[in-house]
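Structural characterization, general
One letter stands for each residue in the lines below.
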Amino acid sequence: QVQLVESGGGLVQAGGSLRLSCAASGRRRPSSSYVMGWFRQAPGKEREFVAAITGTPGMPYYADSVKGRFTISRDNTKNTVYLQMNSLKDGDTANYYCADTVRPLLVADLSKLLKYDYWGQGTQVTVSS
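Residues numbered from 1 in each chain as written. Predicted model: local features only at pLDDT ≥ 70, side-chain atom pairs only at ≥ 80, totals over all residues. Heavy atoms only, no water.

**Observations concerning the overall build of the chain**
Put simply, the rule is: Under the DSSP-based scheme used, a helix requires at least four consecutive residues in state H or I and a strand at least two consecutive residues in state E, with every element numbered from the N terminus. What the globule rule says is 2.2 Å times the number of residues to the power 0.38, and the radius of gyration is computed from C-alpha atoms. Here's how the labels work: a residue is buried when its accessible area is under 20% of the maximum for its type, exposed when over 50%, partly exposed in between, all with a 1.4 Å probe on protein chains only. The criterion used for residue contact is that any of the two residues' heavy atoms lie within 4.5 Å. Counted as positive: Lys and Arg. Counted as negative: Asp and Glu, with His and the chain ends omitted from the count. A single reference atom marks each charge: NZ on Lys, CZ on Arg, CG on Asp, CD on Glu.
Summing up its helical and strand segments, the chain has zero helices and 11 strands in all. Put simply, the chain runs from its N terminus to its C terminus through helices and strands in the order β-β-β-β-β-β-β-β-β-β-β. For 129 residues, the compact-globule formula gives about 14 Å, and the C-alpha radius of gyration of the chain, at 14 Å, lands near that figure. For the chain, the spread of C-alpha atoms along the three principal axes comes to 45 × 25 × 25 Å. For the chain, with 129 residues in total, the buried portion stands at 43%. Of the contacts formed within the chain by residues at least 6 apart in sequence, a portion of 57% connects residues at least 24 apart. On the chain, the mean spot of the 15 positive side-chain charges and the mean spot of the 10 negative ones are 5 Å from each other.

As structure tokens, then:
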């Protein structure tokens, strides 16, 4: 059974940085085959796309709201995807989830929750002003 476990969340002041990690286990195929996504959900709001990285060659894609501030990366040898978050704002406060799928998604589908097969439990990020 595939399992995704997020870590790295916490409380940070506005303007600060955090790095989230998502470790995968139980996969039947090489990690390089998987599309990995980060999503977030704030209280009372719908879950929204943050960033995704394709399987090899590992192309990154971002929501406009985080472009230039967040960086998604992956280490296939560790079955882990990262989300480096810089210049954090109040609006970044949310529970952050990682997700994956082995299907080769179209770019237009990377932001769609239903296209992902497995989800982690989330890690809370709170930005204080």
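**A look at unusual backbone geometry**
For the bond running from Thr56 to Pro57, omega is 20 degrees, close enough to zero to count as cis. Along the polypeptide, Pro57 turns up in the loop between strand 5 (48-53) and strand 6 (60-62). In this model, Asn79 sits at a positive phi of 55 degrees, which is unusual for a non-glycine residue. By the element assignment, Asn79 lies in the loop between strand 7 (70-75) and strand 8 (80-85). Backbone geometry places Ser87, a non-glycine residue, at a positive phi of 50 degrees. With respect to the helices and strands, the residue Ser87 is situated in the loop between strand 8 and strand 9 (94-101).

**Considerations on the environment of Arg29**
For Arg29, the location among the structural elements is in the loop between strand 3 (18-25) and strand 4 (35-41). Excluding anything up to four places from it in sequence, Arg29 contacts Tyr34 and Val102.

**Concerning the nonpolar core**
Generally speaking, a soluble globular protein has its nonpolar side chains buried in company with each other. As a reminder of what qualifies: As used in this record, nonpolar core signifies buried Ala, Val, Leu, Ile, Met, Phe, Trp, Tyr and Cys residues forming a set joined through side-chain atoms within 4.5 Å.
With 35 residues, the main nonpolar core has Trp38, Val50, Phe70, Leu83, Met85, Tyr96 and Tyr116 as its most contacted residues. For this core, the secondary-structure elements that each account for two or more residues are strand 3, strand 4, strand 5, strand 7, strand 8, strand 9 and strand 11 (123-128). Per element, the largest residue contribution to this core is five residues, and it comes from strand 5. The contacts of Val50, once residues within four sequence positions are left out, are Trp38, Phe39, Arg40, Tyr61, Tyr62, Ala63, Val66, Phe70, Leu83 and Tyr96.

**Focus on the state of the cysteines**
Formally: By convention in this document, the label disulfide applies to cysteine sulfur atom pairs within 2.5 Å.
According to the stated counting rule, one finds one disulfide in the structure shown. Paired by a disulfide, Cys22 and Cys98 hold their sulfur atoms 1.9 Å apart. On the sign convention where negative means left-handed, the S-S torsion of about 55 degrees between Cys22 and Cys98 marks this disulfide as right-handed. Taken as a pair, Cys22 in strand 3 and Cys98 in strand 9 lie far apart in primary sequence, 76 residues in all. You can call Cys98 buried: its relative accessible area is 0%.

**Some words on the pattern of salt bridges**
Short version of the rule: A pair is scored as a salt bridge if a Lys or Arg side-chain nitrogen falls within 4 Å of a carboxyl oxygen belonging to Asp or Glu.
What the rule picks out here adds up to eight salt bridges. Linking Arg27 and Asp100 is a salt bridge whose minimum nitrogen-to-oxygen distance equals 2.7 Å. On the criterion of sequence distance, the pair formed by Arg27 in the loop between strand 3 and strand 4 and Asp100 in strand 9 is long-range, its members being 73 residues apart. The same class applies to Arg27 and to Asp100, which are both buried.

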